[in-house]
Every structure is written in structure tokens, then in C-alpha cells.
Amino acid sequence: MPKQTLLIALLCAFVTGAGAQAPVVTRAEAVLFLFQVSQKPLSSTGGGKPLFSDVPAGSLEEKALQAAVENGMIGSNPVTRAVDPNAPVSRGEFLRMLAILFSLPVNAVHHYTDIPRLASYAPYVGIAERCSLFPVEKPTELKPENPLLLSEASGAVYTLFRCFASLQKQAAATSLAPAAAQASASRIPQTLPLKISSILSPPLLPSPNATEQKKLQIIGFVNQQRMAVGLLPLIRNPQLEQAAQAHAKDMYKRGYFSHFNPEGQNYIDRIRKTQYLTLPPEFCPCHALFDLSELLNQRSEVSPHYLVTKRSTVCDCNPRFALGENIARGQQTAAIAVDQWMASASHRQTIMQPLFRETGVGVFGDVWVQEFGSLSLE
């Protein structure tokens, strides 16, 4: 698996390896991550001719980097047409990307003394101080040339959305994701965009262990397959992971292998139990829970392992969801599990469903479960 694709998958999961040096974010990873969070459209490349000398033509990476260049977030070498996708991003560079992508104020007053006057990120450092985007040892030192760490990237975006109410409204208007797990509800303001909450909440930073590494590998391999055909990588969701882990453990302990448990409940029931499909009242004026059974009767697409609903008329919000599940048993590694899923037409169809935006993985013994989901208001 290419290093860059794996690290993009890790950005979507927001975890670090046990005992490993703190990961540094590259330019391509930062750009892909920011466009994923903002849900702003990528550029449409055409003709098959490489736009950059150091980026594969037609790749998702190329589209994101092209959009970043067009928006002035990064620059390219006019002679070599190189954008250095694997170059580490500094705090200052990442701050510039954030400010341009989200149209943040410029030239705000600040008290940092280590900012070069002509640096490309100089107009935006006031935002870093105002919102406390990066951890600092001294209030007058931002250390803008320090390489950006994975934890700093996630923390900066999380803090930025808490700092600007306009970004919260923008995210609410473009998409809806389920609220963070109940365990994190007391730490995450309800006004925070739910998509950002589910990406960056502290419960998504588990202690690294063998099981956790297997979960990360599943997400990484699946996202590699999706990105290879231009689909966005899946974001890790704690509620979907709760459902997946419970089913993996139940199948292993009770000795069965099925999308249905002995009581007849399937992945839809398991995911509903985690409150993944509950509409937060602040995002829908209906306030009352919509009639899920009516939505289930309005399926627009069904495969053996997933369903997609039509736009619902149960309320003015027009809620729509997509859910899916892949299961495997007996595979010794995540790579084998994903390879066998991809070799099966129905399992591959689930992995490649473009409407899925989030995922959760469960591993117990030799049982593997991956849940897929999305919830939107249309």
C-alpha cells in the first residue's frame, strides 16, 4: 500500500501508531484532508495529460492539488510543474491553506514575534492567535516553520470551527453527519458541525494495540480502493464502529456468521441502536424523530449488503440515509479480508458505493465487520 494513501487513511481515522514518532503531514495529505472536511468541490481534470510533473495524472490527489493551486492555497513551480506533494507542511503553510479555503479574515492583530514580514502566511497568523489554533510554549512564539503534526492538523480544524460561527452554519448547510458518541457529548458543543464532531472528537483517538491496528488497516485498504477510482475516502465514525465491534464479538462468541443475529436483527437494527440515524433537532425543524419504517419502504437501491433510501417526505428536512455492512471470518490479516471482499461482486459494490461517507470497523478473533453509512438532509 503506498505510504501516501495509508497516511491519508490515517488522517481520516485520526490515530497514531504505538511508540511511533509523531506523524508529520505532507502537502498532499493536508490538501486532501481540508477539502474532505470542507466538502468543497475538487477540480475536474481532463485529457489524461499530467498537470504536475510529480503527481499521477487523473488521481484524486491531482484533483485536490489542482484545486488548491487554483485557489491560491499552494503554489507550483512554473518551470518544472512540480508541487512537491510529499513535502512536509509547516504550521504557517497549513494556516494559509485554512484561511484561504474558509475565507478567514486577514491582517488581524497578533503578538507573535517570530513571523517573517514577507512570509506568505503572515496575513493569517492573527487568526492562529485569536482562536489558539496551535499549541505554543510562549504566547509570542508561533514557530510557524515547525512541521505540522497529525494531532495539530486535527486540533486546528476542530478549534477553528468552534471559533467561527459562520463555519458552523456553512457545514450545517452542506451536510449532516450523526452526532458524536454519547461519551463525547459533554465535551463537544452541540453547535459544532456534526461532521467535524465525528471526525475530531477525542473518542476517535484510541490506545494503539493489535486490534486497533487491524481496524486502521481495513480502513486504509478500503480507502485505497475507493481513491483509486476517484471516490472520497471514508471517515471513521464512533457509532458505526460501536455497531461493527458488537456484531464481530457476538458472532465470535455465539458461533454464527451472518448479517442477521439469532434474534433476527440485521445491520440496520444494530446501527439504529447506536443513534446514528437520530436527527438532531437543531438541524431539522421537525424536531420529532421521523418515521424510519417509512424511509425503509422508500428504498431506491438495495444490494445484498447495503441499502440507499430515496428522499423522504416525512418532514420538510427530506432526510436520506445509506447503510451497509461487510463481514468476513477466518482471514488472518486485514489485507486478505479486503482482498476477498474486493473479489466478491456484492462486497465490492458496498465498498465502492459513492454515497457512503463514514465507516466503522469491528474485529474480534478471526471475525471482521465493516459498517458503512451516511445521513444527509436534501
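This text goes with the structure placed above it.
Each residue is numbered by its place in its chain's sequence as written, counting from 1. Where totals are concerned, whole chains, interfaces and linings use all residues; where local detail is concerned, this predicted model gives features only for residues with pLDDT of at least 70, and gives and counts side-chain atom pairs only at 80 or more. Note: side-chain values were computed over all heavy atoms of the structure, leaving out hydrogens and water.

The next subject is the environment of S44. Helix and strand definitions here come from DSSP, where helices need a minimum of 4 consecutive H or I residues and strands a minimum of 2 consecutive E residues; each element is numbered from the N-terminal end. Here S44 is to be found in the loop between helix 2 (27-38) and helix 3 (60-70). Considered as a pair, S44 and Q66 are 22 residues apart in the sequence and their alpha carbons are 8.7 Å apart.

The rule is simple: take the accessible area with a 1.4 Å probe, protein chains only, and divide by the maximum for that residue type; under 20% is buried, over 50% is exposed, in between is partly exposed. The element strand 4 (residues 319-329) is largely enclosed, with a buried count of ten among its eleven residues. Bridging between strand 3 (residues 306-309) and strand 4 involves three bridges; their strand directions are antiparallel. The partner of Y306 across the bridge, within strand 4, is G324. Paired strands, in this sense, are two strands between which DSSP finds at least two bridges.

What follows is about the side chain of S346. Looking at the element boundaries, S346 is found in helix 14 (residues 345-351). Relative accessible area serves as the criterion here: at 18%, S346 is assigned to the buried category. With residues near it in sequence (within four places) discarded, S346 still touches P304 and H305. By definition in these notes, contact holds between two residues if any of their heavy atoms fall within 4.5 Å.

Another aspect to go through is helix 9 (residues 210-228). Multiply 1.5 Å by the residue count of a helix minus one, and that product is the helix's expected span. The first and last C-alpha atoms of helix 9 sit 27 Å apart over 19 residues, in line with the 27 Å expected at 1.5 Å per residue. Buried within helix 9 we find E212, K215, L216, I218, I219, G220, V222, N223, R226 and M227.

Turning to the nonpolar core, a few remarks are in order. The tendency in soluble globular proteins is for nonpolar side chains to be buried as a group. Here the nonpolar core consists of buried residues drawn from Ala, Val, Leu, Ile, Met, Phe, Trp, Tyr and Cys, with membership extended through side-chain atoms lying within 4.5 Å. Counting residues in hydrophobic clusters, the biggest one holds 50 residues, and the most contacted among them are L34, F94, M97, L98, L133, F134 and L160. Considering every element that reaches this core, the biggest residue donor is helix 2, with eight residues. Apart from the residues within four sequence positions on either side, L34 is in contact with M73, F94, M97, L98, L101 and V157. Membership of the second largest hydrophobic core comes to 21 residues, among which are V222, L234, V308 and M342.

Bringing the packing of aromatic side chains into the picture now. Aromatic pairing here means that ring centres of Phe, Tyr or Trp (its six-membered ring) are within 6.5 Å. Orientation follows from the plane angle: under 30 degrees is stacked, over 60 is edge-to-face, and everything else is tilted. Within this structure, the stated rule accounts for two aromatic pairs. With 5.3 Å between their ring centres and 25° between their planes, F356 and F372 make a pair best called stacked. Here F372 lies in strand 6 (residues 367-377) and F356 lies in the loop between helix 14 and strand 5 (358-364), a separation of 16 residues in the sequence. Of the two residues, F356 and F372, both sit in the buried class.

Our focus in this paragraph is the state of the cysteines. Think of a disulfide as a covalent bridge from one cysteine sulfur atom to another cysteine sulfur atom. What counts as a disulfide here is a pair of cysteine sulfur atoms lying within 2.5 Å. Under the defined criterion, the tally for this structure stands at one disulfide. Between C131 and C163 runs a disulfide, and the two sulfur atoms are separated by 2.1 Å. Between C131 and C163, the S-S torsion sits near -70°, and that sign places the bridge as left-handed. Here C131, found in helix 5 (residues 125-131), pairs with C163, found in helix 6 (residues 150-163); they are 32 residues apart in sequence, far enough to count as distant. A residue is classified by how much of its surface remains accessible, and C131, at 7% relative accessible area, is buried.

Such coordinate-based values are descriptive only and should not be taken to indicate function.
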